[in-house]
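Geometric and topological summary
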Number of protein chains: 2
Amino acid sequence: MTAFARRAERVQPSAIREFLSLATDPRITSFAGGYPDPTLFPVEELHEIYASLLTADNASALQYTASEGLPELRALVAARLTADGMPCTADDVLITQGGQQGLDLTAKLFVDAGDVVVTERPTFLGALIAFNPCEPSYRSVPMDDEGMDTVALEEVLRTTDRVKLVYTVPDFQNPTGRTMSLARRRHLVELAERYDVMILEDTPYRELRYEGERLPTIRNLDPNNLVVHLGSFSKILAPGLRLGWALATPEVREKLALLKLAADTQNGTLNMRAAAAYLGGHDVEAHIASMLPVYRHQRDLMLATMAEHFPPGISWTRAEGGLFTWVTFPEGLDLAAFQRDVLIPRAGVIIVPGTPFFAERPEAHHARMSFSGVPDDRMVAGLRAMGSLLADALG
Amino acid sequence: MTAFARRAERVQPSAIREFLSLATDPRITSFAGGYPDPTLFPVEELHEIYASLLTADNASALQYTASEGLPELRALVAARLTADGMPCTADDVLITQGGQQGLDLTAKLFVDAGDVVVTERPTFLGALIAFNPCEPSYRSVPMDDEGMDTVALEEVLRTTDRVKLVYTVPDFQNPTGRTMSLARRRHLVELAERYDVMILEDTPYRELRYEGERLPTIRNLDPNNLVVHLGSFSKILAPGLRLGWALATPEVREKLALLKLAADTQNGTLNMRAAAAYLGGHDVEAHIASMLPVYRHQRDLMLATMAEHFPPGISWTRAEGGLFTWVTFPEGLDLAAFQRDVLIPRAGVIIVPGTPFFAERPEAHHARMSFSGVPDDRMVAGLRAMGSLLADALG
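As the structure is a computational prediction, the values presented were derived from the model and not from experiment. (Residues numbered from 1 in each chain as written. Chains lettered and ligands numbered in written order. Predicted model: local features only at pLDDT ≥ 70, side-chain atom pairs only at ≥ 80, totals over all residues. Heavy atoms only, no water.)

Right, let's get into the overall build of chain A. Across its full length, chain A carries 13 helices and 14 strands. Relative to the compact-globule value of 21 Å for 395 residues, chain A shows a C-alpha radius of gyration of 21 Å, a close match. The dimensions of chain A, computed from C-alpha atoms along their principal axes, are 65 × 55 × 55 Å. Relative to its full complement of 395 residues, chain A shows a buried share of 64%. Of the contacts made within chain A by residues no fewer than 6 positions apart, 74% connect residues no fewer than 24 positions apart. Accessible surface computed for chain A: about 13,600 Å², of which carbon and sulfur atoms make up 52%. Within chain A, one finds 37 positive and 51 negative side-chain charges whose respective centroids are separated by 3 Å. (Helix = DSSP H or I, 4+ residues; strand = E, 2+ residues; numbered from the N terminus. Rg over C-alpha atoms; globule rule 2.2 N^0.38 Å. Buried < 20%, exposed > 50% of the residue type's maximum accessible area, 1.4 Å probe, protein only. Contact = heavy atoms within 4.5 Å. Areas by Shrake-Rupley, 256 points an atom, 1.4 Å probe, with all protein chains shown as cover. Lys, Arg positive; Asp, Glu negative; His and termini not counted. Charge placed at Lys NZ, Arg CZ, Asp CG, Glu CD.)

Laying chain A over chain B is done by rotating through 180° and shifting 0.0 Å along the axis; what remains is an RMSD of 0.0 Å. Such a combination of turn and shift is consistent with a two-fold rotation axis. With an isologous cut-off of 70% or more, the 100% of interface residues of chain A that recur at the interface of chain B puts this contact in the isologous class. (Least-squares fit on C-alpha atoms with pLDDT ≥ 70 in both.)

Counting residues in each nonpolar core, the largest one holds 246 residues, and the members touching the most others are Leu-73 and Phe-131 of chain A together with Leu-73 and Phe-131 of chain B. When residues no more than four places from it in sequence are discounted, the contact partners of Phe-131 of chain B are Leu-103, Ala-107, Val-117, Pro-136, Tyr-138, Tyr-167 and Leu-200 of chain B. (Core = buried A, V, L, I, M, F, W, Y, C linked by side-chain atoms within 4.5 Å.)

We now examine the domain arrangement of chain A. Residue and element names in this part refer to chain A. We note that the domain assignment places domain 1 (6-42 + 286-393) and domain 2 (59-281) within chain A. Between the C-alpha centres of domain 1 and domain 2 there is a distance of 25 Å. Taken over both partners, the interface formed by domain 1 and domain 2 buries close to 3,400 Å², and the fraction arising from carbon and sulfur atoms is 58%. Broken down residue by residue, the surface that domain 1 buries against domain 2 is led by Arg-10, Glu-320 and Phe-357, which jointly contribute 21%. (Domains from an automatic or database assignment. Buried area = accessible area lost by both parts, 1.4 Å probe.)

The subject of this paragraph is the sheet that holds strand 3 (residues 116-121) of chain B. Residues and elements named next belong to chain B. Strand order across the open sheet formed by 8 strands is 2-9-8-7-6-3-4-5, with mixed pairing between neighbours. Only two strands of the sheet have a single partner each, and these edge strands are strand 2 (93-96) and strand 5 (147-148). Two strands pair when backbone bridges link them, and strand 8 (residues 227-232) and strand 9 (residues 244-247) are joined in this way by 4 bridges, in the antiparallel orientation. The residue bridging Leu-230 from the neighbouring strand is Ala-246, located in strand 9. Docked against the sheet, helix 6 (residues 150-159) engages strand 3, strand 4 (137-144), strand 5 and strand 6 (163-168), running at close to 160° with respect to strand 4. (Pairing = 2+ DSSP bridges. Axes fitted to C-alpha atoms, helices over the stretch in contact; angles between N-to-C directions.)

Taken together, the contacts link 73 residues of chain A with 73 residues of chain B. Taken as a group, Met-1, Leu-62 and Tyr-64 of chain A account for 11% of the area that chain A buries against chain B, more than any other trio of residues on that side. If you look at where chain A meets chain B, you find 2 salt bridges. Put simply, Lys-108 of chain A and Asp-104 of chain B hold a salt bridge, and the shortest N to O gap is 3.9 Å. Scanning the region where chain A abuts chain B turns up 37 residue pairs in polar contact (both at pLDDT 80 or more). Mapped onto the side of chain A that touches chain B, the elements with two or more residues apiece are helix 2 (43-53), helix 4 (98-110), helix 5 (125-131), helix 9 (250-264) and helix 10 (269-281) of chain A. If one sorts the elements of the side of chain A that touches chain B by residue count, helix 9 of chain A sits on top with 10 residues. (Salt bridge = Lys/Arg side-chain N within 4 Å of Asp/Glu carboxyl O. Polar contact = N/O pair within 3.5 Å; in protein donor to acceptor, adjacent residues only side chain to side chain.)

So, about the packing of helix 2 of chain A against helix 10 of chain A. Helix-helix packing is described using two parameters, namely the angle between the two axes and the distance between the axes. All names here are of chain A. Helix 10 packs onto helix 2 with a crossing angle of 120° between their chain directions and a minimal axis gap of 10 Å. Here helix 10 runs oblique to helix 2, going by the angle between their axes. The two elements helix 2 and helix 10 meet at a crossing, and its hand is right-handed. Where helix 2 abuts helix 10, its residues Glu-45, Ile-49, Tyr-50 and Leu-53 lie against Leu-270, Asn-271, Arg-273, Ala-274, Ala-277 and Tyr-278. For the contact of helix 2 with helix 10, the per-class residue count stands at 7 nonpolar, 1 polar and 2 charged. (Parallel < 35°, antiparallel > 145°, perpendicular 65-115°, else oblique. Left-handed = near helix turned anticlockwise from the far one by under 90°. Nonpolar A, V, L, I, M, F, W, Y, C, P; charged D, E, K, R; others polar.)

Within a beta sheet, neighbouring strands are joined by backbone hydrogen bonds and run either parallel or antiparallel to one another. All names here are of chain A. Reading across the sheet, the 4 strands line up as 10-11-14-13 and stay open at both edges, with antiparallel pairing between neighbours. Strand pairing shows two members of the sheet lacking a second neighbour, strand 10 (315-316) and strand 13 (352-353), which therefore form its edges. Inspection of the sheet shows strand 13 paired to strand 14 (residues 366-370) by 2 bridges, in the antiparallel sense. Along strand 14, the bridge assignment pairs Val-352 with Arg-368. Each of strand 10, strand 11 (324-328) and strand 14 touches helix 11 (residues 284-309); the most contacted strand, strand 11, lies at about 20° to it.

Set out below in structure tokens:
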């Protein structure tokens, strides 16, 4: 067989893929998923919507439509973005195949082999997977409880050639749950302008805030529009519809749409019709508000149970929203090995070891843990067992 | 703003995009679409299926699932491919976001910048759009009524470095409607082995045969598995679901799945469930059989009406299936100009000028015309008006 393209070297099976298949085993308690809680999906409303869309006089719901997305869905997304402080029209919005496709298209548009993408440290694993086929180099910038350390970022930008993108998940980041402060957001925008780089702002968890005040998006703070802003229906409606969006300047948006046309022609027409019917005919803000207490309770239970049962020397983030907490263990503990040798066989618990979330210089003594969708009793039992095994391991 | 990546230069708006927006104007008679006839979609069956999938105890239909696709859908596709002479299992099949994504993923896997992709002459425009971001060079091989001229192909393979892929639509090709003969299929497989290149076999129209005998797929003829075989639900079920498949060796299939994960995580779960329910619970072969007389009639009417009303000096292909005929005009006639200046303003008719279907050395005196979905009276009136204008233009 003829040789693969060079980019194929950057496309490797994830180390976490193997044990993620365990997540569907009913004997396993999984804190590994990044999945929203399926009991919160608006199934009844979608039942009615699909039934009303699929009628003989409405076969166009099953036909091709525009690559940029269904016009009415673009308009409804634009209205929500405008309400969130990002004035825009339907023309400015591209509908994507979930948030992931926004990452893929943006990397394709800006990143040549050897160009540099700057990420948070740690960063969303799926973004690295999306960027890798463009063969970037990576630099990563430390975070603290205010999100990406923009002073450290400036040092990277000052000393690094060919930086094209700074990638950030400013709200309840995956994997850390951290939120970038307003001062850091402003600083990031200043730096993007000074060093002429694009910001890729990824906001899949933005609507899931359980406490504290909503902050303006980075796109909102940027007068010169150096931001590609991505969002997703996966956490506010349902991931199985694969719907997200990108907001960008007309020049960038048009190129992203052409790359989308090249990649998959368009999103599914029926699902776009359904999302438009949902946004147009139901109170999505009320739906989101109804989910918040459920996730807030799950987060609170996870953090309280870890505080009660985990041994000393372990710390974790307190996410104001989203689905994740990031747990840091004593430096000697390799979470991948601990999971494989102890956590799975002895407690039937899975987490995501932190290593793959680092774009460079990985650290092994962290884990991403999701509190979403785990029943209370399972969560408490799983965390208690994990705490006991950790106490043994850490002596 | 920071510069775009180099590949962005290869991503340009299509010249045909502008007038394709006319296709939704009710005053326009469009032979330009490549759309299946929406009156043939199984809307009632899908109505029932979506209603039964969207129930409170089945929220997993809206949840994430595997990147490779829903296991039951992969198995059902594998069973159909096996019945079509390509023995395989669910593991060999990757579900794609329509046929277009299969083109995108295969190019990404094999094509570095400057590598050569060989296409038919003319070839499917959407494939060029998919391949272009990988920055290939192109060689194109003439066709006749037996499809790609494989003697000419051998000359290209013998004299050209870095050929990675030979792309073909062997059944009722888009845009010509031509079918590759069995002898040519065998020769193509021999050449792929001799010159160590991959064959990308794209079969979106394969099921729509109106006359003549079904031929084995190229994948079926290839003992050494140098074929990536693509198919699509767009013409047998509905394009608005965006479902297709790729069949390849385990090594290739796994890399394609990783590239799919990078690009968009997965296909929509709900749509995959629906397609699996349709294939599992309904007689798709009977559904396909029921569509054939409709398209056959539309094809026959188009060809007969052109024979009656078009002036001498114009020829066209007789497709044994699919949606298209390829019309060749006297060499001096530029169909893009003729359409813009005469056909649209004076007859309200649109076709697709042939130029963008050439990977290199475009020819302007052809058009792709689709017979799908145009009501009989509109078709006859449109072709009659077009014939009259052609007679004027050609003196």
